[in-house]
Amino acid sequence: MTANKWNLSDFGFGVGLRSVHYNYILENNPSVDWFEVISETYLESGGRVRYVLDKIAERYPIVLHGVSLSIGSSDPVNFEYLKLLKALADRVKSPYISDHLCWTGVNAHNVHDLLPIPYTEESLKHIVNKAKQVMEFMERPLVLENVSTYAQFASSSMSEWEFHARLMEESQCGMLMDVNNIYVSAYNHDFDSKEFIDRIDPSLVCQYHLAGHTNKGTHILDTHNDHVIDAVWELYRYAYQRTGGRNTLLEWDEDIPEFDVVHEEALKAKKYRNEKPDPTMMNLPRPTIAPKMRLTPVEKNELVNSMSHKL
Amino acid sequence: MENNIPLTTIQRWMQSVIEHPGTNDEAWNSEQAQKELPFDEAYANVLPSKTLTPVERIGIYRKMFFLRMTESMAIDYPGVKNVLGEFEFDRIVAEEYVKKFPSHSYTLNHLGRYFPQFIQETDLRNKAFLYDLSRLELSITNNMDAEESPIVHQQEIASVQPDQWEHAILIPIAALEMLEFDHNVCEYLDAVIEEVTVPEIKNERTFVVVYRKTYRTYWDILSSQQYFLLSALVSRKTFSESIALLVEQFPDSQEELQQKLFEWFNEWVSSGYFSKIKLR
């Protein structure tokens, strides 16, 4: 086990707060260790969502998780957005803020997706500079998540994990390791997911994400619409044994079941924390690539529908 | 080996492809995309996977983009979608609206802010009705996020001395908006939400107050007299000024108004329209 560099507390096993569960949580006070909330949902809302957030923040630790920081965009840092984010982080006492290592738009557009960046020296320098500005302004650690990607650039001069490692080293931001995203990207780009984990300094990992996905044969979509598959649990086990105690969170964004089902899924992570290492995990199978196939119009439509969770 | 396509060029190119309506090929060959990166250079810069071509891989992001846009707009504008039909609604949003009013916000909740304006500027069947309906739907969406205000209770009203009423100003809650329409939009939207048969679209002068009480948004139809008086009060005119204006506007109904004023006022206070009373 390795302490994280910022001595951030390990809250335990959390669940992503979603509006369909508001009433259940307020009425039943489930024994959840902590909640992660999508920052943008609450930044300017003075309505019911803000009321619910305040009530939940009174009872549970909260961590803000954003989707529009766009740290990888060639646009400059949006300080108007950061002002709102800082006010919210102070309000709910979020010990750190997290977002994604990606870009969401350029020229002040927002396409509301987590888009891949070319892993180049130029991108690295630019993002390091922006991450430092963000942390200085926010006065709390910035933790960046590896995203699921569906495209890679020939102009990249380093691997995704090398980029993450150097970014964290040079900017002093932390990593939110999404083991499902590692699995998805490993499948889509045919790399070894274990190597990704091995190359990241465990002390820089501040949090884990777990989620379900949709395997379309030709590629995997990060849909957050189901239980975590066994191979992803194995990856979590593998990663966790390198880092030890870190906040672990389950995301479920589509076809969201009853709160208890989501919470039980999150608590499965406990088993992996407490169990001894499984020697077979050292030979974790790489995802296999299905032969190229043509999708029927119905399958295409289904594919599109499965990608529709709203950021 | 790093080639030298700048980050900003790659991102401008990719965004132009993602945002371009039509097929993948049309998007890659669009004027904007070509301006950022010629096709061959762009194609060489996106790696294929074992199963997907560069065009198909970027196509995944394109499909997700248009789905997000249409789904987000459908959440805010169920009534407009019902009038246009799913296919036409999605087409208009994807091919025209998002192009004209791309998202500049950190949240998709703001995407539909310019939809009434867009409808007004676009050639559509039932355009006048759609314009009214979209204004009502936008008001409802905005209302849900408006700041919460404390509300004036009947006891506070009762504590105001009779001679103080003349100069009293009633401050409305933040989550209250007054709207006028030329069509039966409330009736139509209620039917869509309740999933019952929608009424025939018709011209009908309609006065509406959209407000929130205990974190729930309501839209109530008012009479023209109620609307006139409430509008005056909401615009911070004193109580006596508001009533004087009402009487002046509806001189033939003076007696009837005197009877109804108390009833209306009580109803508005109990509905939570006002956050405080300012006494001079």
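Cut-offs used in this document
- Residues numbered from 1 in each chain as written.
- Chains lettered and ligands numbered in written order.
- Predicted model: local features only at pLDDT ≥ 70, side-chain atom pairs only at ≥ 80, totals over all residues.
- Heavy atoms only, no water.
- Helix = DSSP H or I, 4+ residues; strand = E, 2+ residues; numbered from the N terminus.
- Buried < 20%, exposed > 50% of the residue type's maximum accessible area, 1.4 Å probe, protein only.
- Contact = heavy atoms within 4.5 Å.
- Areas by Shrake-Rupley, 256 points an atom, 1.4 Å probe, with all protein chains shown as cover.
- Pairing = 2+ DSSP bridges.
- Axes fitted to C-alpha atoms, helices over the stretch in contact; angles between N-to-C directions.
- Polar contact = N/O pair within 3.5 Å; in protein donor to acceptor, adjacent residues only side chain to side chain.
- Expected span 1.5 Å × (residues − 1).
- Arc of directions from axis to C-beta.
- Core = buried A, V, L, I, M, F, W, Y, C linked by side-chain atoms within 4.5 Å.
- Domains from an automatic or database assignment.
- Buried area = accessible area lost by both parts, 1.4 Å probe.
- Salt bridge = Lys/Arg side-chain N within 4 Å of Asp/Glu carboxyl O.
- Nonpolar A, V, L, I, M, F, W, Y, C, P; charged D, E, K, R; others polar.
- Patch = residues over 30% accessible without salt bridge, like charges linked within 9 Å, V, L, I, M, F, W, Y side chains within 5 Å.
- Lys, Arg positive; Asp, Glu negative; His and termini not counted.
- Charge placed at Lys NZ, Arg CZ, Asp CG, Glu CD.

**Concerning the overall build of chain A**
Across its full length, chain A holds 11 helices and 10 strands. Per-residue burial over chain A gives 62% buried out of 311 residues. Taking the intrachain contacts of chain A between residues at least 6 apart in sequence as the baseline, contacts between residues at least 24 apart amount to 82%. Entry remark: accessible area of chain A is about 11,600 Å², with carbon and sulfur atoms responsible for 49%.

**Digging into the sheet that holds strand β6 (residues 174-178) of chain A**
Residues and elements named next belong to chain A. As summarised here, the arrangement of the eight strands in space is β1-β2-β3-β4-β5-β6-β7-β10, forming a closed barrel in which the pairing is parallel. Neighbour-to-neighbour, the strand axes of this sheet turn through a mean angle of 30 degrees, independent of strand direction. Pairing analysis gives three bridges linking strand β1 (residues 13-16) to strand β2 (residues 34-38), with the strands arranged parallel. The partner of glycine 14 across the bridge, within β2, is tryptophan 34.

**Brief notes about the environment of B:Ser16**
All names here are of chain B. Examined against the element boundaries, serine 16 turns out to sit in helix α1 (residues 7-19). Sequence-wise, serine 16 and tryptophan 28 are 12 residues apart; in three dimensions their C-alpha atoms are separated by 8.5 Å. Setting aside chain neighbours within four positions, we find serine 16 in contact with Gln32 and Ala33. For serine 16, the side chain forms a polar contact with the main-chain oxygen of tryptophan 13, separated by 2.7 Å.

**Quick word on the sheet that holds strand β3 (residues 203-213) of chain B**
Within a sheet, adjacent strands bond to each other through the backbone by hydrogen bonds, running parallel or antiparallel. Residue and element names in this part refer to chain B. Sheet architecture is open: three strands sit in the order β2-β3-β4, paired in antiparallel fashion. With partners counted over all chains shown, the strands left at the sheet margins are β2 (176-183) and β4 (216-222), one partner each. Here the average twist between neighbouring strands, direction ignored, is 25 degrees. Pairing of β3 with β4 involves seven bridges; the strand directions are antiparallel. Pairing of phenylalanine 207 across the sheet is with leucine 222, part of β4. Along the sheet face, helix α9 (residues 127-145) touches β2, β3 and β4 and points at about 165 degrees away from the line of β2. Helix-sheet contacts for helix α12 (residues 224-234) involve β2, β3 and β4, and the interaxial angle to β2 is about 145 degrees.

**Brief notes about helix α3 (residues 48-59) of chain A**
Residue and element names in this part refer to chain A. Between its first and last C-alpha atoms α3 spans 17 Å; for 12 residues at 1.5 Å apiece the expected length is 16 Å, and the two agree. Where α3 is concerned, the buried positions are Arg50, Val52, Leu53 and Ile56. For α3, the angular spread of the buried residues around the axis is 160 degrees, confining them to a single face. Buried residues belonging to α3 abut α1 (22-28), β2, α2 (39-42), β3 (62-65) and α4 (79-92).

**Considerations on the nonpolar core**
A:Phe35, A:Leu142, A:Met177, A:Tyr236, B:Trp13 and B:Leu136 are the most contacted members of the largest nonpolar core, which has 142 residues in total. Among the elements that make up this core, the one with the highest residue count is helix α5 (residues 54-76) of chain B (10 residues). Taken domain by domain, this core gets at least three of its residues from each of domain 1 (7-111) and domain 2 (143-278) of chain B. Look past the residues within four positions of A:Phe35 in its chain and what remains in contact with it is A:Val15, A:Leu17, A:Ile25, A:Ile56, A:Tyr60, A:Pro61, A:Ile62, A:Val63 and A:Phe259.

**With respect to the domain arrangement of chain B**
Size of an interface, as often reported, equals the accessible area lost when the parts are brought together. Residues and elements named next belong to chain B. On domain assignment, one finds that chain B holds domain 1 (7-111) and domain 2 (143-278). Using C-alpha coordinates to define each centre, domain 1 is positioned 42 Å away from domain 2. Domain 1 puts five residues into the contact, and the matching count from domain 2 is six residues. When domain 1 packs against domain 2, close to 380 Å² is buried across both sides, 68% of that on carbon and sulfur atoms. At the junction of domain 1 with domain 2, the criterion picks out zero salt bridges. For the pair domain 1 and domain 2, the interface holds one residue pair in polar contact (both at pLDDT 80 or more). Taken together, the residues of the side of domain 1 that touches domain 2 sort by class into two nonpolar, three polar and no charged.

**What to know about the interface of chain A and chain B**
Residue-level contacts link 61 residues of chain A with 52 residues of chain B. Between chain A and chain B, a total of about 5,000 Å² is buried, with carbon and sulfur atoms accounting for 57% of that surface. At the surface where chain A touches chain B, the tally comes to two salt bridges. With its nearest N and O atoms 3.4 Å apart, the salt bridge here joins B:Arg68 to A:Asp113. In this assembly, chain A and chain B are joined by 29 residue pairs in polar contact (both at pLDDT 80 or more). Those elements that place two or more of their residues in the side of chain A that touches chain B are α3, α4, α5 (121-138), α7 (179-189) and α11 (297-306) of chain A. Take the side of chain A that touches chain B: its biggest share by element is four residues, from α5(A). Considering only residue class, the side of chain A that touches chain B consists of 24 nonpolar, 27 polar and 10 charged.

**Some remarks on unusual backbone geometry**
All names here are of chain A. Phi is positive for asparagine 107, which is not a glycine, with a value near 55 degrees. Structurally, asparagine 107 is set in the loop between β4 (97-100) and α5. For asparagine 107, a relative accessible area of 40% puts it in the partly exposed group. Positioned with a positive phi, histidine 112 is a non-glycine residue whose angle comes to about 60 degrees.

**A closer look at a positive patch on the surface**
All names here are of chain B. Together, Arg236, Lys276, Lys278 and Arg280 make up a region of like positive charge exposed at the surface. In this fold, arginine 236 is placed in the loop between α12 and α13 (239-249). According to the relative accessible area criterion, arginine 236 is partly exposed, its value standing at 46%.

**A word on the pattern of salt bridges**
One pass over the full model with this rule turns up 23 salt bridges over all chains. One salt bridge in this structure joins A:Asp190 and B:Lys50, with 3.1 Å as the shortest N-O distance. Remark: B:Lys50 occurs in the loop between α4 (39-45) and α5 and A:Asp190 occurs in the loop between α7 and α8 (193-198); the pair is interchain, linking two chains. Taking relative accessible area as the criterion, B:Lys50 reaches 60% and is therefore assigned exposed. Among the charged side chains, a network of salt bridges with common partners joins B:Glu88, B:Arg91, B:Glu95 and B:Glu96.

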